[in-house]
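Residue-level listing of the chains:
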Amino acid sequence: MQTLTAVVPVYNEAEVLDAFHARLTAALAGLDLGCRVLYVDDGSDEACAVRLRELAHEHDNVGLLVLSRNFGKEVAISAGLDHAEGDAVILIDADLQDPPELIATFVEQWRAGYDVVYGQRTERRGDSRLKRATAAVYYRVLNALSEVEIPQDVGDFRLLSRRAVDALNALPERHRYMKGLYAWIGFSQAAVPYVREARASGSSKWSYWRLWNFAMEGITSFSTLPLKVATYLGMLVSSLSFMYGLYMLVKTLIWGNPVPGYPSLIVIVLFLGGVQLMCLGVIGEYLARTYTESKGRVLYLTREYHPPRD
């Protein structure tokens, strides 16, 4: 019998964990597959950690991987993929925004020959208009800048075949923008449209500041275009400055220079200073990532690992 492992990264989801596990178990029970669940505790609070241990103890087909601290969702997913066994792996969040009942459709597409089957959001219930608008803009900007085509309005809810999982696990980088890596590995991919529900309980762990940093991670991980823009912008400003310098020289030789010019001088100095700082900031973002990669630290550390007993 073919086997399937559901990898569930968890961070402080005690309020919704029982409801999620019940729906996930029911969805997996309807499949003619040997199914397991692997929860990844990404440094959750005590209440959530205790409940995860109880689930792993109560059910033979449930495993638990406990990270040594909160490493972030991207790393938690990577840790889960490292430890997931089976012919296919399902990635799903525990907040019930992604319906476990859709897993059966994912499995059908996988058996039809697709290595990556992802859920594509047609609607984002529970999100504010600002969040929906910024998300839509971000995905389209990222796709325009990226060197690989990244599907729009797609999260981590997906099925991966064994060879897709092995390909992801073989990638060595520490800055892991998973949405980009799913697209980068290639293989045959299919989309399953669905409506993303509001959170069943609690609030999102993603503040706008964290989302901004996450967006920067995606852009700098899969595009060098900002560096090229900085270069071209520098060339453009230098050319304009040179032409303006020639204009001022000719004007001085013909009509003389009455000296005023203070406002225009200040504007030009501030403009050039801003351009320089912006370009240095872009370079700094890439340099910081190069520095992190060069240290070669392990991606994560585990405190406990209890594999499924079944």
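Since we're looking at a predicted model, the values are computed, not measured.

(A) Quick peek at the overall build of the chain. Broken down by element type, the chain carries 10 helices and eight strands. Burial statistics for the chain: of 310 residues in total, 40% are counted as buried. In the chain, once contacts between residues fewer than 6 apart in sequence are set aside, the share between residues at least 24 apart is 84%. Carbon and sulfur atoms form 61% of the exposed surface of the chain, whose accessible area is close to 16200 Å².

(B) Spatial organisation of the nonpolar core. Of all hydrophobic cores here, the largest spans 36 residues; its most connected members are Leu4, Val8, Leu24, Leu28, Tyr39 and Leu159. If one sorts the elements of this core by residue count, helix α1 (residues 14-29) sits on top with five residues. Setting aside its immediate chain neighbours within four residues, Leu159 contacts Leu4, Ala88, Val89, Ile90, Phe106, Val107, Trp110, Asp115, Val116 and Val117. By size, the runner-up hydrophobic cluster in this structure holds 27 residues, among which are Ile77, Ala84, Leu168 and Leu181.

(C) How the structure looks around the pattern of salt bridges. Using the criterion set out here, one finds 11 salt bridges in the structure. Of the charged contacts, one joins Arg23 and Glu101 as a salt bridge, the two residues approaching to 2.8 Å between their closest N and O atoms. One end of the pair, Arg23, is in helix α1; the other, Glu101, is in the loop between β4 (88-91) and α4 (103-111), and 78 residues separate them in sequence. Residue classification places Glu101 among the partly exposed residues on the basis of a relative accessible area of 44%. Put simply, Asp32 and Arg111 hold a salt bridge, and the shortest N to O gap is 2.9 Å. In this pair, Asp32 is assigned in the loop between α1 and β2 (34-41) and Arg111 in helix α4, connecting sequence segments 79 residues apart. A relative accessible area of 51% places Asp32 in the exposed class.

(D) Quick peek at the packing of aromatic side chains. Scanning the model with the defined rule gives three aromatic pairs in all. Between Phe157 and Tyr194, the ring centres sit 5.6 Å apart and the planes meet at 80°, which makes this aromatic pair edge-to-face. Residue Phe157 is found in strand β6 (residues 154-161), and its partner Tyr194 is found in strand β7 (residues 189-196); the two are separated by 37 residues along the sequence. With a relative accessible area of 2%, Phe157 lands in the buried category. Since its relative accessible area comes to 6%, Tyr194 is described here as buried. Put simply, the rings of Phe106, Phe157 and Tyr194 touch in pairs and so form one group of aromatic residues. Arg69 extends its terminal NZ or CZ atom over the ring of Phe71, reaching a point 4.0 Å from the ring centre.

(E) Just the pairing of strand β3 (residues 62-67), in detail. With six of six residues buried, β3 is to be regarded as a mostly interior element. Of the two faces of β3, the one lined by Val62, Leu64 and Val66 and the one lined by Gly63, Leu65 and Leu67 are each fully buried. Summarising the sheet, β2 and β3 pair through five bridges and their orientation is parallel. Bridge pairing in β3 links Val37 to Val62. Pairing analysis gives four bridges linking β3 to strand β8 (residues 302-306), with the strands arranged antiparallel. Paired with Leu67 across the two strands is Thr302, which belongs to β8.

Criteria and thresholds
Residues numbered from 1 in each chain as written. Predicted model: local features only at pLDDT ≥ 70, side-chain atom pairs only at ≥ 80, totals over all residues. Heavy atoms only, no water. Helix = DSSP H or I, 4+ residues; strand = E, 2+ residues; numbered from the N terminus. Buried < 20%, exposed > 50% of the residue type's maximum accessible area, 1.4 Å probe, protein only. Contact = heavy atoms within 4.5 Å. Areas by Shrake-Rupley, 256 points an atom, 1.4 Å probe, with all protein chains shown as cover. Core = buried A, V, L, I, M, F, W, Y, C linked by side-chain atoms within 4.5 Å. Salt bridge = Lys/Arg side-chain N within 4 Å of Asp/Glu carboxyl O. Phe/Tyr/Trp six-rings, centres within 6.5 Å; stacked < 30°, edge-to-face > 60°. Lys NZ or Arg CZ within 6 Å of the ring centre and 35° of its normal. Pairing = 2+ DSSP bridges.

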